Amino acid sequence: MKIYKDFSKGNKVTLYNGDCFDLLKTIPDDSIDLVITSPPYAMNRSYEKASDDVNTFIDQHKLLLPEVNRVLKKGGSICWQVGYFVENKVIVPLDVHIFNIIESLNINLDKEDKFYLRNRVIWSFGHGLNSKLRLSGRHETILWYTKGNEYDFNLDEIRVPQKYPGKTHYKGPKKGELSGNPLGKNPTDVWDIPNVKANHVEKTVHPCQFPIAIPQRLIKALTNKGDTVLDPFNGVGSTGVATIIEGRKYVGAEIDKEYYELSKNRFKDIQKGTIRIREDKPVLKPNKKSKVAIKPKHFL
Ligand SMILES: C[S@@+](CC[C@H](N)C(=O)[O-])C[C@H]1O[C@@H](n2cnc3c(N)ncnc32)[C@H](O)[C@@H]1O
């Protein structure tokens, strides 16, 4: 699998080591089917400046979202995964800012180019910092918008098992027939998917990867084979891994050389069959032999 540095429509994989704005300039209008990303949001990470704050995030998105709209095809989707900015014990939900920026952007767009919000997915996870000052944060959000009002949504691709798969209608003309869809149920807008912490099989040196299961669900639902997926903040390529596995074309930009190189290795691992992925299951099967599953005596 060849990994191209510069964008061209026919490339199966393009990975640009540099600023996403420079990559975007090279992408023609109406080239991309889906954008999935988790942007930096002033969390004091190594790839951010100490002076970055919520205004840095807002200013960057005011420039970025019009460019994303330009490169996106009509009927395409964007999925923006963000959490909260925290300062002086005050939390700021960043998706509210994305929403406001898109509302302003829409004012100057034609009807068929406007972004329309379809879902605000709550991504919940079990692990994180424990707070003594407020409830411990255990969710972030994903805003899913489409460009224009006509779009594909492949629900059957992302159905999850029914709670009671064998349940039947107990009366009426359908008595005895299955009452739920045999393909499974709609996964809803609340996704319980473990975040990538120390023991997660997908963990790399990157401080804030999202699990491959997130872009994988979005790609299956919102694109078809051969479509093109863009992540302007590639990180260690979790969107790219999901994209390649699902047989779509990938375009990513990553400013940090180390994460760029790591992404290339992960993409090559797919071909070698050595890529490490946690299957998209809400919880792992309980392991009775595990010491942490047994209640210590002093808890009685
Ligand atoms: C929140 S992380 C994304 C992690 C990614 N979702 C993953 O699972 O690996 C944001 C990434 O954006 C990169 N980045 C920051 N500013 C950038 C820019 N202007 N252009 C391209 N990449 C940038 C950072 O180095 C960081 O790796």
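Look up: the structure comes first, before these words.
Residues numbered from 1 in each chain as written. Predicted model: local features only at pLDDT ≥ 70, side-chain atom pairs only at ≥ 80, totals over all residues. Heavy atoms only, no water.

S.K.: How would you sum up the overall build of the chain? Please name residues and give values.
M.R.: Check the secondary structure of the chain and you find 6 helices and 11 strands. Here the C-alpha radius of gyration of the chain, 21 Å, is about what a compact globule of 300 residues would show, namely 19 Å. Put simply, the chain has 300 residues, and 42% of those count as buried. Sequence-distant contacts, at least 24 apart, represent 68% of the contacts inside the chain between residues at least 6 apart. Counting every atom, the chain has about 17000 Å² of accessible surface; 53% of that belongs to carbon and sulfur. Each charge class in the chain can be summarised by its mean position, and for the 48 positive and 36 negative side chains these summaries are 10 Å apart. (Helix = DSSP H or I, 4+ residues; strand = E, 2+ residues; numbered from the N terminus. Rg over C-alpha atoms; globule rule 2.2 N^0.38 Å. Buried < 20%, exposed > 50% of the residue type's maximum accessible area, 1.4 Å probe, protein only. Contact = heavy atoms within 4.5 Å. Areas by Shrake-Rupley, 256 points an atom, 1.4 Å probe, with all protein chains shown as cover. Lys, Arg positive; Asp, Glu negative; His and termini not counted. Charge placed at Lys NZ, Arg CZ, Asp CG, Glu CD.)

S.K.: Could you give me a rundown of the environment of Ile-122, with the residues and numbers involved?
M.R.: For Ile-122, the position within the fold is in strand β7 (residues 115-124). By relative accessible area, Ile-122 is classed as partly exposed at 23%. Sequence-wise, Ile-122 and Val-190 are 68 residues apart; in three dimensions their C-alpha atoms are separated by 4.7 Å. With near-sequence residues (within four places) excluded, Ile-122 lies in contact with His-139, Glu-140, Thr-141, Asp-189, Val-190 and Trp-191.

S.K.: How would you summarise the site of the ligand if you had to cite specific residues and measurements?
M.R.: Close contacts around the ligand come from 22 residues, with Cys-20, His-206, Val-236, Ser-238 and Glu-254 the closest. In this structure, a nitrogen atom belonging to the ligand sits 3.3 Å away from a side-chain N or O atom of Asp-19. Here Ser-238 contributes a side-chain N or O atom positioned 2.7 Å from an oxygen atom of the ligand. Coverage of the ligand by the protein chains reaches 96% of its 610 Å² of free accessible surface. The class makeup of the residues in the shell around the ligand is 11 nonpolar, 8 polar and 3 charged. (Near = heavy atom within 4 Å. Polar contact = N/O pair within 3.5 Å; in protein donor to acceptor, adjacent residues only side chain to side chain. Nonpolar A, V, L, I, M, F, W, Y, C, P; charged D, E, K, R; others polar.)

S.K.: Requested: an account of the sheet that holds β7, with residues and values cited.
M.R.: As a general point, the strands of a sheet are linked pairwise by backbone hydrogen bonds and lie either parallel or antiparallel. Spatial strand order, β1-β2-β11-β10-β3-β4-β8-β7-β9: 9 strands in an open sheet with mixed pairing. Every interior strand has two partners, whereas the edge strands, β1 (3-4) and β9 (190-192), have only one. Inspection of the sheet shows strand β3 (residues 32-37) paired to strand β4 (residues 72-82) by 5 bridges, in the parallel sense. Residue Val-35 lies in a different strand from β4, and its bridge partner there is Ile-78. (Pairing = 2+ DSSP bridges.)

S.K.: How would you summarise the nonpolar core if you had to cite specific residues and measurements?
M.R.: Membership of the largest hydrophobic core comes to 34 residues, with the highest contact counts inside it found for Ile-27, Ile-78, Trp-80 and Leu-230. Taken together, the elements giving at least two residues each to this core come down to α1 (20-25), β3, α2 (54-71), β4, α3 (94-107), β8 (139-147) and β11 (249-254). Looking at this core element by element, the count peaks at 7 residues for α2. Discounting residues that sit within four places of it in the chain, Ile-78 has contacts with Val-35, Leu-65, Val-68, Leu-72, Ile-102, Phe-115, Leu-143, Trp-144 and Tyr-145. The next biggest cluster of nonpolar side chains, apart from the first, holds 31 residues, and it includes Val-13, Leu-15, Cys-79 and Ile-244. (Core = buried A, V, L, I, M, F, W, Y, C linked by side-chain atoms within 4.5 Å.)

S.K.: Could you give an account of the state of the cysteines, with specific residues and numbers?
M.R.: All told, the structure shown has 0 disulfides when counted by the stated rule. Left without a disulfide partner, Cys-79 is nearest to the cysteine sulfur of Cys-20, which lies 17 Å away. Exposure remark for Cys-79: the relative accessible area of 0% places this residue in the buried category. Free cysteine Cys-208: the closest other cysteine sulfur is in Cys-20, separated by 15 Å. (Disulfide = S-S within 2.5 Å.)

S.K.: Please provide a residue-by-residue account of helix α4 (residues 213-222), values included.
M.R.: Counting buried positions along α4 yields 9 of 10 residues, so the element is predominantly enclosed. Within the span of α4, buried status applies to Ala-213, Ile-214, Pro-215, Gln-216, Arg-217, Leu-218, Ile-219, Ala-221 and Leu-222.

S.K.: Lay out the packing of helix α5 (residues 238-245) against helix α6 (residues 257-272) in plain terms, naming residues and giving numbers.
M.R.: Between α5 and α6, whose axes approach to 9 Å, the crossing angle comes to 25°. In this view, α5 runs roughly parallel relative to α6, as classed from their interaxial angle. The two elements α5 and α6 cross, and the hand of that crossing is right-handed. Contacts between α5 and α6 involve Ser-238, Gly-240, Val-241, Ile-244 and Ile-245 on the former and, on the latter, Arg-266, Phe-267 and Ile-270. Of the residues in the contact of α5 with α6, the class split is 5 nonpolar, 2 polar and 1 charged. (Axes fitted to C-alpha atoms, helices over the stretch in contact; angles between N-to-C directions. Parallel < 35°, antiparallel > 145°, perpendicular 65-115°, else oblique. Left-handed = near helix turned anticlockwise from the far one by under 90°.)

S.K.: Residues and numbers for the pattern of salt bridges, please.
M.R.: One pass over the structure, following the stated rule, counts 12 salt bridges. Arg-70 is the partner of Asp-29 in a salt bridge, and the nearest nitrogen-oxygen pair spans 2.8 Å. You can see Asp-29 sitting in the loop between α1 and β3 and its partner Arg-70 sitting in helix α2, a full 41 residues away along the chain. The salt bridge partner of Asp-269 is Lys-272, with a shortest N-O separation of 3.6 Å. With Asp-269 and Lys-272 both in helix α6 and 3 residues apart, this pair spans about one turn of that helix. Taken together, the shared-partner salt bridges connect Asp-29, Glu-67 and Arg-70 into one network. (Salt bridge = Lys/Arg side-chain N within 4 Å of Asp/Glu carboxyl O.)

That is the geometry; function is a separate question.
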